Amino acid sequence: MIKKEMIAMLLAGGQGSRLGVLTTRMAKPAVSFGGKYRIIDFPLSNCINSGVDTVGVLTQYQPLKLNSHIGIGIPWDLDRNVGGVSVLPPYEKSTDSEWYTGTANAILQNLEYMESYNPDYVLILSGDHIYKMDYEVMLDFHKANGAAVTIAAMPVPMEEASRFGIVITDENRRIQEFEEKPAKPRSNLASMGIYIFSWKVLKEALLANSDQEGLDFGKHVIPYLHERGEKMYAFEFNGYWKDVGTLNSYWEANMELIDIIPEFNLYEEYWRIFTKSENLPPQYIADSSAIEKSIIGEGSEVYGEVKSSVLGCGVTIGKGSVIRDSIIMNNAVIGNDCVIDKAIIAEGARIGNKVTLGAGEEVENDTKPQIYNHGIVTIGENSDIPSGLTVGKNTVLAGEFELGEFEGATVPSGKSLIKAGGRP
């Protein structure tokens, strides 16, 4: 039997519904980030930088783009004969088949995979957070305390604490109580959804709770172990960590990359972020262009102005166009003489000539104000936006459109126009 000290199980099946049309055709961990990366690159890079060379990636929702991005793990040095990266979708068993119904249920369904490595420890990760973390340091802390489970936790503002699982610890960081999204939190130390379990403890807890509906770590496994009096510790993390689960947090995290002194630095040599890179030509910056404080991906052509924005790979910005405070993903094409303010434009979208995005006053979105807010214009993957259109704030457009569909060639602020289909 192959023996690994610690293996990682990376939960990457999330639909990411709070990202709206960005996740219509892909799982949240596959969404582009920071020009050339995808969100899952960050936990995968943390694994290999921390010496964890065996990673199971649990996929479920719209896995095609995620699976093709991970491949056999070459960019992260995870193409190993023993270990490496394995994509683990739900599968049909001899008696029944079921989707992953909760975080711990997904792990339970892959007991056989974990047992094949006979690990001492299992690291549980989420595939949709942006951060750098040395899991080896966390493992040392786990071992030093003889812990059954160690939960990575970080201080959050007290007013936000009710959104998280909250841990209450003693002076040695041993967890005394765990509260899942409490209405009145008694601590501001929030669980990051990163756990190290001693393997035998994890296996026993999963099997003992296997009949729980939607088996979840925060709701079932952690409380079960706490009731049994297992030694549980909180490993405090004080670095940059961002849950990019909403359009606004996703937009903010991208914008933070282009600060003069970025809070999250992509350029550190000792902790590199690896990704699958296409064979693209270098950027082309025309003499008619002007670029200020922006990230420009490989293979992009810029003929207009780009200010405080993040451009993916293979993007084209037409002559006379002005892009401000925006995220433009891979292979999007922006025509000539456009004005684009605070927009998120998904992969492969085409914006015609003389299009204005982000015009007028801010009005609440008419269908999903909890998703489309903060004045952001969102354009779905492979959408076609016709020349001459003016689009207001808090809007979402996805699909192929003709100018004749719009009265006065305008989409007022707060409108949602989502068509089924669109270019493949």
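For the structure itself, consult the block above.
Analysis parameters
- Residues numbered from 1 in each chain as written.
- Predicted model: local features only at pLDDT ≥ 70, side-chain atom pairs only at ≥ 80, totals over all residues.
- Heavy atoms only, no water.
- Salt bridge = Lys/Arg side-chain N within 4 Å of Asp/Glu carboxyl O.
- Helix = DSSP H or I, 4+ residues; strand = E, 2+ residues; numbered from the N terminus.
- Buried < 20%, exposed > 50% of the residue type's maximum accessible area, 1.4 Å probe, protein only.
- Pairing = 2+ DSSP bridges.

Which parts of the structure should I look at to understand the pattern of salt bridges?
Opposite charge on two side chains makes pairing possible when the charged atoms of those side chains draw close. Counted according to the given criterion, the structure contains 20 salt bridges. Residues Lys203 and Glu115 are paired through a salt bridge, measuring 2.3 Å at the closest nitrogen-oxygen approach. Of the two residues, Lys203 is situated in helix H6 (residues 199-208) and Glu115 in helix H4 (residues 111-115); the sequence distance between them amounts to 88 residues. Looking at Glu115, the relative accessible area reads 30%, which means it is partly exposed. Glu252 serves as the salt-bridge partner of Lys242, at 3.4 Å between the closest nitrogen and oxygen. Here Glu252 lies in helix H8 (residues 247-256) and Lys242 lies in strand S13 (residues 241-243), a separation of 10 residues in the sequence. Take Lys242: its relative accessible area is 15%, and that puts it in the buried class. On the basis of relative accessibility, which here comes to 33%, the residue Glu252 falls in the partly exposed class.

I keep staring at helix H1 (residues 41-49) and nothing clicks. Help me out?
Side chains three or four residues apart in an α-helix point the same way, a direct result of the helix having 3.6 residues per turn. H1 sits mainly inside the fold: eight of its nine residues count as buried. Among the residues making up H1, those that are buried are Asp41, Phe42, Pro43, Leu44, Ser45, Asn46, Cys47 and Ile48.

Got a minute to help me understand the sheet that holds strand S28 (residues 377-379) in this structure?
Sheets are built from strands paired through backbone hydrogen bonds, the pairs being either parallel or antiparallel. Read across the sheet, seven strands follow the order S16-S19-S22-S25-S28-S31-S33 without closing on themselves; strand pairing throughout is parallel. Edge strands, defined here as strands with exactly one partner in the open sheet, are strand S16 (295-296) and strand S33 (416-418). Across two bridges, S28 lies against strand S31 (residues 396-398) in parallel orientation. Pairing of Thr378 across the sheet is with Val396, part of S31.

Which parts of the structure should I look at to understand the sheet that holds strand S23 (residues 333-334)?
Here we have six strands laid out as an open sheet, ordered S14-S17-S20-S23-S26-S29, and parallel in their pairing. Of all strands in the sheet, those with a lone pairing partner are strand S14 (284-285) and strand S29 (384-385), marking the two edges. In this sheet, strand S20 (residues 316-317) lies alongside strand S17 (residues 301-302) in parallel orientation, the contact comprising two bridges. Bridging across to S20, Glu301 finds its partner in Thr316.

Hey, could you run me through the pairing of strand S8 (residues 149-155) in this one?
Every regular strand shows the same layout, with side chains that alternate between the two sheet faces. Taking burial as the measure, the seven residues of S8 include six buried ones, the bulk of the element. In this sheet, strand S11 (residues 189-198) lies alongside S8 in antiparallel orientation, the contact comprising six bridges. What sits directly across from Ile151, in S11, is Tyr195. Direction of pairing for S8 relative to strand S12 (residues 232-236): parallel, over a ladder of five bridges. Its bridge partner being in S12, Ile151 is matched across the sheet by Ala234.

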